[in-house]
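# Topology and contacts: notes
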Amino acid sequence: MTVAAPFAHAEQWIVQRGWQAFAFQREVWRAVAEGRSGLLHATTGSGKTYAVWLGMLDALLRHHPPGRGAEPLRVLWLTPMRALAADTTKALAEPLHALAPQWTIGLRTGDTPSAERARQDRRFPTVLVTTPESLSLMLTREHARDELQGVGYVVVDEWHELIGSKRGVQVQLALARLRTLNPALAAWGLSATLGNLEEAMQVLCGTQPTIAPALVRGRIDKNLVIDTLIPPDPGKYSWAGHLGARMQQPVVDEIARSGPTLVFTNVRSQAEIWYQLLLQAKPEWAGEIALHHGSLDKATREWVEQGLKAGTLRAVVATSSLDLGVDFLPVERVLQIGSAKGVARMMQRAGRSGHAPGRASRLTLVPTHTLELIEAAAARRAAYAGRVEKRASPNKPLDVLVQHIVTVALGGGFTADALYEEVRTAWAYRELTRAEFDWALAFCERGGESLTAYPEYHRIVRDEEGLWRVPDRAVAKRHRLGIGTIMSDAAMQVKWMSGGNIGTIEEGFIARLKPGDCFFFAGRLLEFVRVREMAAYVRKATRNKGTVPTWQGSKMALSAELSDAVLEMMQAAAQGEFVEPELQAARPMLETQARLSRIPTPTTLLVEAFQSREGQHLYLYPFAGRNVHLGLASLLAWRLARERPNTFSLSVNDYGLELISAEPFNPEPVTSGEAFTTRELLPDVLASLNSTELAQRRFREIARVSGLISTGYPGQHKSARQLQASSGLFFEVFRKYDRANLLLTQAEQEVLGQELEISRLSGTLEGMLRKQIVFVPLRHPSPMSLPLMVERFREKLSTEQLSQRLDRILRDMERDTG
């Protein structure tokens, strides 16, 4: 059949499949035809991929009619996950092969076989699906300018996942380079969960777009169902994990009555635990349920993904490794164990079910303690109201800039003036001064003031043509091996004694094991045998008990948007309104809190005091997330001790904080609000924490990204101890002999901005000053204070001791309060 222009090719392919294009897809096609960059924000499973790809393919076919043979590289499609790359390649190939069969498509990630890489090195395909790291590696190629100047389109998939990280900055710099090579380049971002769309589009499109970019909102009727698996008897008191195992049978029952189900947890250790809980309840499900997280061997993950796509698995327990837009069409249901801690993350996971236009997405929240019932109701209300978290780009991280300078020097060289102007077109570096750029350039040239005598840190030199290049092959090799900004603790391969990989576990966990110790990993109970050449060798355990590995950075903090929504729910409860089913279930706990103390609300700040055999306790409930509460607890303890020297123990969770001292102290600076002042906030925060130690920990990542330290060559990886020692040595050298080193300044800024969220801490203090402070002396721990006690107890008591301690506390309270 003949289809009239415009968008004849796109319409033709859509019509041949019996489909009909959505209005937002045509809007994208028009913007692409006009040569515009932009951001497409639409619900998961609504057709974002074809909206952008068919528009670009239509434009390419009009400008480069097929029939002339294979086209050179024209389109780069960036994805944050290797697993997503394979699915994306398959989706793009279908219309490409139908409309331009002579054009080629390829995939290039860290998993790409060497033979395929070699073929691509001889001639890139027309369309290349790749990752930010692989794109940066392409920019290091000697003839990168010639190979990449024909690229007319770049698509950044799951832009919300990248924008707030250094990987997003890496993408910004790569786009700036590609725009220099081809000023007509059009870049498009795809996202489903972003709260600051205009800013996100500006970050992607840079500071100097030649044509105004387009923001397209894809509104289609997509039924999103969010409900909660209500526990039968949550009780009056609860703490983290209190309901976890009690929800085992209800979760099993939900899976049994549903189609293919994804069970999401927030951390890998929790995924391992829940996989075992499901198998314990239903041994006959062995082979029908599976486990998926980033530490498992690639072959295992791929087997699980294929099982989900084929619909042969009843359920998969997963972490964020399956968060993003991989299409698992058979999945009907998503269960979220515990709070997702953010509205965007919850909606992203909900979209893994019903992943097609016209199908409903359903997510069921499974609380692990009573306060998560309230979080569940708050998250649902926030999601339906569209209150999604904002994502902000990091501000001019110099370690990423240093890495990029060496990358461009490898990829044909540069002049300083031209690269400075190019870098400033990237949003993250729009305020970069020439002095800061020159410092980074000098750091690449000679390692700063303190490393001038060491040739291995003289990475770039200016040639006779005035171009900065990398003359040393060893430097070039080390740089290419270290490209990227993803940072994790050194991991060890876990292998069977008989051979074969199982996955990777952080070195710190393996170091604590003795031969014969057993642990759960990859859904199996394993016995540790020995370590050899950075690999932990194991065999199948004969015992039935073992520990569960823990991974660094496990705990997520409650987002500001979800915190506000939770307080609004608390306000309803304080007014006696228990409309939501979750509030009804949490009613015994909330009414006990109201009877013994008060219920926190958006306009009040609850402060509780309690005296025990341990000493004097003070509890505050700002609802600002655990990261902010950590900084706030340290700050308040320091300010209280400044009045009278004292030692405090601290405990924090997402809702509040505890200060406890064996010696009496005057709480009046807190109850009056005097301790909440934002005057001298920065020096007080730095004084209240071991800021030097925090900065040194952060510096390890900066040293790795900037190329100061290397993780080693293939087969010769360095241990975490070696990396820490190397970065620590640089840190001390710079502190003593190069105090003006801007990487030191960056480490301090990242500690304040990312670990302590100093801007949110400042806003929290200002909000606390505006609220009415409600001070309540307690005769017994309240339902809000007990979880903070438990957080502290867990650090020094065994599970059995903790259980006995809690039983005694609860018995005493029930006896005295009835």
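Our subject is the structure listed above.
Keep in mind that what you see is a predicted model, and the values were worked out from it rather than measured.

## Describing the packing of helix α2 (residues 23-33) against helix α3 (residues 48-63)
Closest axis-to-axis distance for the α2/α3 pair is 8 Å, and the angle between their directions is 35°. Judged by the sense of rotation from one axis to the other, the crossing of α2 with α3 is right-handed. For the pair α2 and α3, the contacting residues are Phe 24, Gln 25, Val 28, Trp 29, Val 32 and Ala 33 in the first and Tyr 50, Ala 51, Val 52, Leu 54, Gly 55, Met 56, Ala 59 and Arg 62 in the second.

## Some points on the nonpolar core
In terms of nonpolar packing, the biggest core is built from 79 residues, with Ile 405, Tyr 429, Ile 460, Phe 699 and Leu 708 touching the most fellow members. Considering every element that reaches this core, the biggest residue donor is helix α16 (residues 398-410), with nine residues. Sequence-distant contacts of Leu 708, that is, excluding residues within four places in its chain, are made with Phe 443, Leu 451, Tyr 457, Phe 699, Ala 703, Phe 730, Phe 734 and Leu 743. If you look at the next biggest cluster of nonpolar residues, it comprises 67 residues, including Ile 226, Ala 340, Ala 382 and Phe 793.

## Structural notes on the pattern of salt bridges
Enumeration over the complete set of coordinates arrives at 43 salt bridges. Note that Arg 314 and Glu 288 form a salt bridge whose closest N and O atoms lie 3.0 Å from each other. In this pair, Arg 314 is assigned in the loop between α13 (298-310) and β11 (315-318) and Glu 288 in the loop between α12 (268-281) and β10 (289-292), connecting sequence segments 26 residues apart.

## What to know about the sheet that holds strand β23 (residues 649-652)
Consider a sheet: its strands pair through backbone hydrogen bonds, and that pairing is either parallel or antiparallel. Judged by pairing direction, the sheet is mixed, and its five strands sit side by side in the order β23-β24-β22-β21-β27 without closing on themselves. The sheet is open, and its two borders are formed by β23 and β27 (772-777), each paired with just one other strand. When the angles between neighbouring strand axes are averaged without regard to direction, this sheet yields 15°. In the sheet, strand β21 (residues 604-612) pairs with strand β22 (residues 615-620) via six bridges, with the strands oriented antiparallel. Across the sheet, the residue bridging to Phe 610 is His 617, located in β22.

## A closer look at the packing of aromatic side chains
What the rule picks out here adds up to 14 aromatic pairs. Seen in terms of ring centroids, Tyr 457 and Phe 730 are 5.6 Å apart; in terms of plane orientation they differ by 90°. Their pairing is edge-to-face. With a gap of 273 residues between them, Tyr 457 in the loop between α18 (434-446) and β14 (461-462) and Phe 730 in helix α27 (residues 720-737) connect regions that are remote in the sequence. Using a relative accessible area of 14% as the deciding quantity, one classes Tyr 457 as buried. Judged by its relative accessible area of 10%, Phe 730 is buried. In textbook terms, an aromatic cluster arises when at least three aromatic residues are bridged by ring pairs, as seen for Trp 439, Phe 443, Tyr 457, Phe 699, Phe 730, Phe 731 and Phe 734. Over the aromatic face of Tyr 537 sits the side chain of Arg 530, whose NZ or CZ is 5.7 Å from the ring centroid.

## Thoughts on helix α22 (residues 581-596)
The first and last C-alpha atoms of α22 sit 23 Å apart over 16 residues, in line with the 22 Å expected at 1.5 Å per residue. Helix geometry: α22 is bent most strongly at Arg 587, by close to 60°, with proline Pro 588 lying one to four residues after it. For α22, the set of buried residues is Glu 582, Leu 583, Ala 585, Ala 586, Met 589, Leu 590, Thr 592 and Gln 593. Buried positions along α22 lie against β8 (224-228), α15 (370-384), α21 (560-574) and β21.

## Things to note about the sheet that holds strand β18 (residues 518-521)
On the basis of which strands lie adjacent, the open sheet formed by five strands has the order β17-β16-β20-β19-β18 and mixed pairing. Whereas interior strands pair on both sides, the edge strands pair on one side only; in this sheet they are β17 (501-506) and β18. Across the sheet, the mean angle from the axis of one strand to that of its neighbour is 45°, orientation sign disregarded. Of the strand pairs in this sheet, β18 and strand β19 (residues 524-532) are connected by four bridges, and their pairing is antiparallel. Paired with Cys 518 across the strands is Glu 527, a residue of β19.

## Quick notes on helix α30 (residues 786-794)
Extensive coverage of α30 is indicated by the burial of eight of its nine residues. Taken together, the buried positions of α30 are Leu 786, Pro 787, Leu 788, Met 789, Val 790, Glu 791, Arg 792 and Phe 793.

## Quick notes on the environment of Leu 756
Relative to the helices and strands, Leu 756 resides in the loop between α28 (742-755) and α29 (758-770). On the basis of relative accessible area, Leu 756 is assigned to the buried category, the value being 3%. Between the C-alpha atom of Leu 756 and that of Met 789, which follows or precedes it by 33 residues, the distance is 22 Å. Those residues in contact with Leu 756, other than ones at most four positions away along the chain, are Asn 627, Val 628, Gly 631, Val 685, Leu 689, Val 751 and Leu 761.

## What about the packing of helix α23 (residues 626-643) against α29?
At a closest axis distance of 9 Å, the pairing of α23 and α29 adopts a crossing angle of 65°. Classified by the angle their axes make, α23 and α29 are roughly perpendicular. The chirality of how α23 crosses α29 is right-handed. Within the contact between the two elements, α23 uses Val 628, Gly 631, Leu 632 and Leu 635 and α29 uses Arg 760, Leu 761, Thr 764, Leu 765 and Met 768.

## Concerning the environment of Glu 372
Looking at the element boundaries, Glu 372 is found in helix α15. If we skip the residues at most four places from it in the chain, Glu 372 touches Gly 338, Ser 339, Lys 341, Val 366, Pro 367 and Tyr 655. From its side chain, Glu 372 meets the backbone nitrogen of Ser 339 in a polar contact 3.1 Å long. One polar contact links Glu 372 to Thr 368, side chain to side chain, over a distance of 2.7 Å.

Cut-offs used in this document
Residues numbered from 1 in each chain as written. Predicted model: local features only at pLDDT ≥ 70, side-chain atom pairs only at ≥ 80, totals over all residues. Heavy atoms only, no water. Axes fitted to C-alpha atoms, helices over the stretch in contact; angles between N-to-C directions. Helix = DSSP H or I, 4+ residues; strand = E, 2+ residues; numbered from the N terminus. Left-handed = near helix turned anticlockwise from the far one by under 90°. Contact = heavy atoms within 4.5 Å. Core = buried A, V, L, I, M, F, W, Y, C linked by side-chain atoms within 4.5 Å. Buried < 20%, exposed > 50% of the residue type's maximum accessible area, 1.4 Å probe, protein only. Salt bridge = Lys/Arg side-chain N within 4 Å of Asp/Glu carboxyl O. Pairing = 2+ DSSP bridges. Phe/Tyr/Trp six-rings, centres within 6.5 Å; stacked < 30°, edge-to-face > 60°. Lys NZ or Arg CZ within 6 Å of the ring centre and 35° of its normal. Expected span 1.5 Å × (residues − 1). Bend = angle between axes of the 7 residues up to and from the residue. Parallel < 35°, antiparallel > 145°, perpendicular 65-115°, else oblique. Polar contact = N/O pair within 3.5 Å; in protein donor to acceptor, adjacent residues only side chain to side chain.

Functional significance is not addressed by these values, which are geometric in nature.
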